[in-house]
Amino acid sequence: MKRLSLSVTSGFLLLATARCATTTADSVAITRNEAAVSACSRVGQVDVPPGVPDTDRNIAFARTASRAGANTVLIGSAEARVGVAYRCGTPTLAGR
């Protein structure tokens, strides 16, 4: 019985952790509008890891920025693989 309880608890914790990771990345805005980050705190540079397909670029930016404590990424173009992460009061969708 203890083994079943431990398995159920472990499964729940894994599911909860996965949900948090998804929610956090979903709350990161990607923008090309410098005005959108003018009142934000710069966190640092974020890169799309090698091997990530272009179609998943924004997801990679969001995850990397989220791990760094940022909620907005400023990129120079739609094809960018390097951006600057910012912590803003509320993520903005301007220029997305």
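Everything quoted here is computed from the prediction, not taken from an experiment.

Visitor: I would appreciate a short explanation of the pairing of strand S3 (residues 72-75) in the present structure.
Guide: Moving residue by residue along a regular strand, the side chains alternate between the two faces of the sheet. Neither face of S3 is open: one carries Thr 72 and Leu 74, the other Val 73 and Ile 75, and all of them are buried. Here strand S1 (residues 29-31) runs beside S3; their pairing, made up of three bridges, is parallel. Its bridge partner being in S3, Ala 29 is matched across the sheet by Thr 72. Sheet topology places S3 next to strand S4 (residues 82-87); four bridges connect them, and they run antiparallel.

Visitor: How do you make sense of the sheet that holds S1 when you look at a structure like this?
Guide: In a beta sheet, neighbouring strands pair by backbone hydrogen bonds and run either parallel or antiparallel. Reading across the sheet, the four strands line up as S1-S3-S4-S2 and stay open at both edges, with mixed pairing between neighbours. Both edges of this open sheet fall to S1 and strand S2 (41-47), since each of them pairs with a single strand only. Taking the axes of each pair of neighbouring strands and ignoring which way they run, one obtains an average angle of 25° across the sheet. Helix-sheet contacts for helix H2 (residues 57-67) involve S1, S2, S3 and S4, and the interaxial angle to S2 is about 130°.

Visitor: What exactly am I supposed to notice about the state of the cysteines here?
Guide: Structurally, a disulfide amounts to a covalent bond that connects the sulfur atoms of two cysteines. Summed over all chains, the structure comprises one disulfide. The disulfide partner of Cys 40 is Cys 88, and the S-S distance across this bridge is 1.9 Å. The sign of the 110° torsion about the S-S bond sets the Cys 40-Cys 88 disulfide as right-handed. In this pair, Cys 40 sits in the loop between S1 and S2 while Cys 88 sits in the segment after S4, placing the two residues 48 residues apart along the sequence. The two residues Cys 40 and Cys 88 agree in class, both being buried.

Visitor: Would you mind going over the confidence of the model for the chain with me for this structure?
Guide: In regions of low pLDDT, the predicted coordinates are not meant to be interpreted in detail. The predicted model of the chain has a mean per-residue pLDDT of 78, with 67% of residues at 70 or higher. Here residues 3-23 is a poorly scored stretch, pLDDT under 50, and it has zero contacts once near neighbours within four places are set aside; other chains count.

Visitor: Help me out: how do you make sense of the side chain of Thr 72 in this one?
Guide: Locating Thr 72 in the fold gives a position in strand S3. On the accessibility criterion, Thr 72 (0% relative accessible area) is buried.

Visitor: Just checking my understanding: could you explain the nonpolar core for this structure?
Guide: If you look at soluble globular proteins, the nonpolar side chains tend to sit buried side by side. Ranked by internal contacts, the top residues of the largest apolar core, which has 13 residues, are Val 28, Ile 30, Val 46, Phe 61, Ala 65, Val 73 and Ile 75. With four residues, the top contributor of residues to this core is H2. Residues Val 37, Cys 40, Leu 74 and Val 84 belong to the second largest nonpolar core, which totals six residues.

Reading the values: rules and limits
- Residues numbered from 1 in each chain as written.
- Predicted model: local features only at pLDDT ≥ 70, side-chain atom pairs only at ≥ 80, totals over all residues.
- Heavy atoms only, no water.
- Buried < 20%, exposed > 50% of the residue type's maximum accessible area, 1.4 Å probe, protein only.
- Helix = DSSP H or I, 4+ residues; strand = E, 2+ residues; numbered from the N terminus.
- Pairing = 2+ DSSP bridges.
- Axes fitted to C-alpha atoms, helices over the stretch in contact; angles between N-to-C directions.
- Contact = heavy atoms within 4.5 Å.
- Disulfide = S-S within 2.5 Å.
- pLDDT = per-residue confidence, 0-100.
- Core = buried A, V, L, I, M, F, W, Y, C linked by side-chain atoms within 4.5 Å.

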